[in-house]
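# A structural walkthrough
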Amino acid sequence: MLATASLCQSHSLGNQNSSRSMLAHSLSHRWKASGGFVPRGQGFPSGPGTEASRIMWYVSTRGMAPRVDFEGALFSGYAPDGGLYMPEKLPQLDRDTLRQWSVASYPSLVKELCSLFIGPELIPRDDLNDLIDRAFSRFRHKEVVHLSRLRNGLNVLELWHGVTYAFKDLSLCCAAQFLQYFLEKRKKHITVVVGTSGDTGSAAIESVQGAENVDIIVLLPKGRCTKIQELQMTTVLRENVHVFGVEGNSDELDEPIKAVFADVAFVKEHSLMSLNSINWSRVLVQMAHHFFAYFRCAPTLDLHPLPPVEVVVPSGGAGSLAAGFIAQKMGLPIHLVVAVNSNDIIHRTVQRGDFSLSEAVKPTLASAMDIQVPYNMERIFWLLSGSDSQVTRALMEQFERTRGVSLPKELHSKLSEAVISQSVSDEAITQTMGRCWEENQYLLCPHSAVAVSYHYQQVDGRQPSPPRCCLAPASAAKFPEAVLAAGLTPETPAEILALEHKEARCTPMRKGDDWTRMLRGLIEDLSRQWRGRFRNAPA
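Quick notes on the rules
- Residues numbered from 1 in each chain as written.
- Predicted model: local features only at pLDDT ≥ 70, side-chain atom pairs only at ≥ 80, totals over all residues.
- Heavy atoms only, no water.
- Helix = DSSP H or I, 4+ residues; strand = E, 2+ residues; numbered from the N terminus.
- Buried < 20%, exposed > 50% of the residue type's maximum accessible area, 1.4 Å probe, protein only.
- 1 Å grid on protein atoms, 1.4 Å probe; cavity = no way out; pocket = protein on both sides within 12 Å on 5 of 7 lines; lining within 4 Å.
- Points joined across faces, edges and corners; volume = space filled by probe spheres on them.
- Nonpolar A, V, L, I, M, F, W, Y, C, P; charged D, E, K, R; others polar.
- Axes fitted to C-alpha atoms, helices over the stretch in contact; angles between N-to-C directions.
- Left-handed = near helix turned anticlockwise from the far one by under 90°.
- Contact = heavy atoms within 4.5 Å.
- Pairing = 2+ DSSP bridges.
- Phe/Tyr/Trp six-rings, centres within 6.5 Å; stacked < 30°, edge-to-face > 60°.
- Expected span 1.5 Å × (residues − 1).
- Salt bridge = Lys/Arg side-chain N within 4 Å of Asp/Glu carboxyl O.
- Core = buried A, V, L, I, M, F, W, Y, C linked by side-chain atoms within 4.5 Å.

Next up on the list: the overall build of the protein. Of the regular secondary structure elements, the protein holds 20 helices and 19 strands. Considering the protein as a whole, with its 539 residues, one finds that 62% of them fall into the buried category.

Below is the structure:
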């Protein structure tokens, strides 16, 4: 086991009640659902020097909710005030710690990071190691995550060697192990509700299928995922897996989920939670991507100061981007670039401070990033505002009311200094896929191509830059339509081809149906079934 990070100092992030909010007048004390499973470890801050003060606590970005421990953040998803959970203090990693971590495997980095943010009082270190080993046991590559070094300085970090060929396997497999660990200890049951634009649903299903104390309900946008993505969800016929095919886009299918979670009593009664990208456990594991990318691409750790590495993050919901910001704050010397498709709200926010919805989601070849609302930007706003929950709350509540807001000048300035952004068209995606194949005989998925497009632009412009690593969130095998659009030949593994011959199960949610009522009805049925099983279980 690697040495635990030495904390040369801690950034206190959660106790700044600044009065400098430019938008405080727009506060509305509207409370959202926190999730139904009420974990231990909720409470208000304790004084320094107490035992409780040594626990890793999490606070809401909106500052109006009690703080919670890791278990509370895991099961809650959103905080009760509608905010997202963030660590109250970020550990600061000194040079010696980074040097020790630099030789670690990807699973070892996940263990080190999780040990800092969970704590042995919740999950003892030996148990934590076992859970993470179990989470990664079905990954196809021995390294779990692999760096491909290609021509012209192109480094592609392959995050897609899990069962569903997408990066979400990494965080969701860990989250599922944490969930089941706590549920088994507490003898509890939960129902997980997930809305997906493609990859989240299949990765979430894979992570909990067959679990006795977890049911999962997934809403997918019928006809808007690739055929493979859809089959990865609808062909899992386990008793605890329930899939709805919605006649709408990924933002529209979020509406019944939001409506259900807005009913706090219903959420608590039926022990509901979400595993979408807002869940802190997913951001935590995604931090390891950035550390692994840095250690594999940095030329040396013997220089003072440590040399930077540029990490290019293709993004929809901004979860991996938020993870990169947190890694930076902890002392990792990375420069961040965010690359998006034509759904460009993150790009417009970085460039102009324009955090507003477009008229509609634009279908693109990088379909898993066809997202209008990048929820995790709230975490980034909170970090960059110096943990100012007043600014963050006012900003996000105004955005929720009006669907658009201009960032305060100071916040926009900090954002544009902290990250470079680029929006990539479908034409540029296919050109990038073609060029990468021509130069390397290497197939990129369209989402990975969004990141690599930025790299080629910099290379062609002969721009001086530090070493660069492009995150690759999915395998090209999942997107044969995009591969064909690039004039290339898909390479489809046998296990993906076999999906077409499996029985599928999917309940339609059609236009005109009451989607919220359908979702509530299934949740109520599952609760009745669980209570019946629990009553009939042997003592």
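Read on for the rest.
Taken as a whole and assessed by the stated rule, the structure comprises six cavities of 30 Å³ or more. Every residue lining the largest cavity is counted, 33 residues in all, and those nearest its centre are K168, S277, G317, A368 and I371. Of all the elements in the fold, those that place two or more residues in the lining of the largest cavity are α6 (199-208), α8 (250-261), α10 (280-297), β13 (309-314), α11 (319-329) and β18 (468-472). If you tally residues by element for the lining of the largest cavity, the top one is α8, at four residues. Class assignment of the residues belonging to the lining of the largest cavity gives a composition of 14 nonpolar, 14 polar and five charged.

With that out of the way, let us pick up the packing of helix α13 (residues 377-384) against helix α14 (residues 389-402). Two numbers describe how α13 lies on α14: the axes approach to 8 Å, and their chain directions differ by 145 degrees. Viewed along their axes, α13 and α14 form a crossing whose handedness is right-handed. Mapping the contact onto sequence places E378, F381 and W382 in α13 and S389, T392, L395 and M396 in α14. Considered class by class, the residues forming the contact of α13 with α14 number four nonpolar, two polar and one charged.

Turning our eyes to something else, we now look at unusual backbone geometry. Of the consecutive residues H304 and P305, the connecting peptide bond is found in the cis state with omega at -10 degrees. If you trace the backbone, P305 turns up in the loop between α10 and β13. At K187, a position not held by glycine, the phi torsion is positive, near 55 degrees. Its location among the elements puts K187 in the loop between α5 (168-186) and β9 (190-195). Positive phi outside glycine occurs at A318, with the angle close to 70 degrees. The topology assignment puts A318 in the loop between β13 and α11. The exposure class of A318 is buried, given its relative accessible area of 1%.

Another aspect to go through is the sheet that holds β18. Read across the sheet, six strands follow the order β7-β8-β18-β13-β14-β17 without closing on themselves; strand pairing throughout is mixed. Single-partner strands in this sheet number two, and they are β7 (146-149) and β17 (419-423). Strand-to-strand, the axes of this sheet are offset by a mean angle of 25 degrees, without reference to chain direction. Note: β7 against strand β8 (residues 155-158), four bridges, orientation antiparallel.

It is worth spelling out the packing of aromatic side chains at this point. For the structure on display, the rule yields 14 aromatic pairs. Centre to centre, the rings of Y58 and W280 are 5.5 Å apart; their planes meet at 50 degrees, and the pair counts as tilted. Of this pair, Y58 sits in strand β3 (residues 58-60) while W280 sits in helix α10; the two residues are 222 residues apart in sequence, bridging distant segments of the chain. The class of W280 is buried, set by a relative accessible area of 1%. For the ring pair Y106 and F136, a centre distance of 5.9 Å and an interplane angle of 55 degrees mean the geometry is tilted.

Another point: helix α16 (residues 426-440). With 15 residues, α16 ought to run about 21 Å at 1.5 Å a step, and its terminal C-alpha atoms sit 21 Å apart, in line with that. The set of residues buried in α16 consists of A428, I429, T430, T432, M433, G434, C436, E439 and N440. Those residues of α16 that are buried lie in contact with α17 (446-460) and α18 (480-485).

So, about the pattern of salt bridges. Side chains that differ in sign of charge can pair as their charged atoms come close. Taken as a whole and assessed by the stated rule, the structure comprises 21 salt bridges. E71 is paired through a salt bridge with R186; the nearest N and O atoms lie 2.9 Å apart. A residue pair is termed long-range when its members are at least 10 positions apart, and E71 in helix α1 (residues 70-76) and R186 in helix α5 qualify at 115 residues. Looking at E71, the relative accessible area reads 0%, which means it is buried. If you follow the salt bridges from partner to partner, you end up with D344, R348, R352 and D354 in one network.

This part covers the nonpolar core. Judged by nonpolar contacts, the single largest core of 121 residues is most densely connected at F178, W280 and F291. Aside from chain neighbours lying at most four places away, what touches F291 is L93, L98, W101, L109, L113, A327, M330 and L332. Judged by nonpolar contacts, the second largest core, of 33 residues, contains V156, W160, L443 and L444.

We now examine the sheet that holds β9. With parallel pairing, the five strands of this open sheet are ordered in space as β12-β9-β10-β11-β19. Two strands close off the open sheet at either side, each with one partner strand: β12 (272-273) and β19 (507-509). The sheet contact formed by β9 and β12 spans two bridges and is parallel. Bridge pairing in β12 links V192 to M273. Of the strands in this sheet, β9, β10 (214-221) and β11 (241-246) are in contact with α6, which crosses β10 at around 165 degrees.

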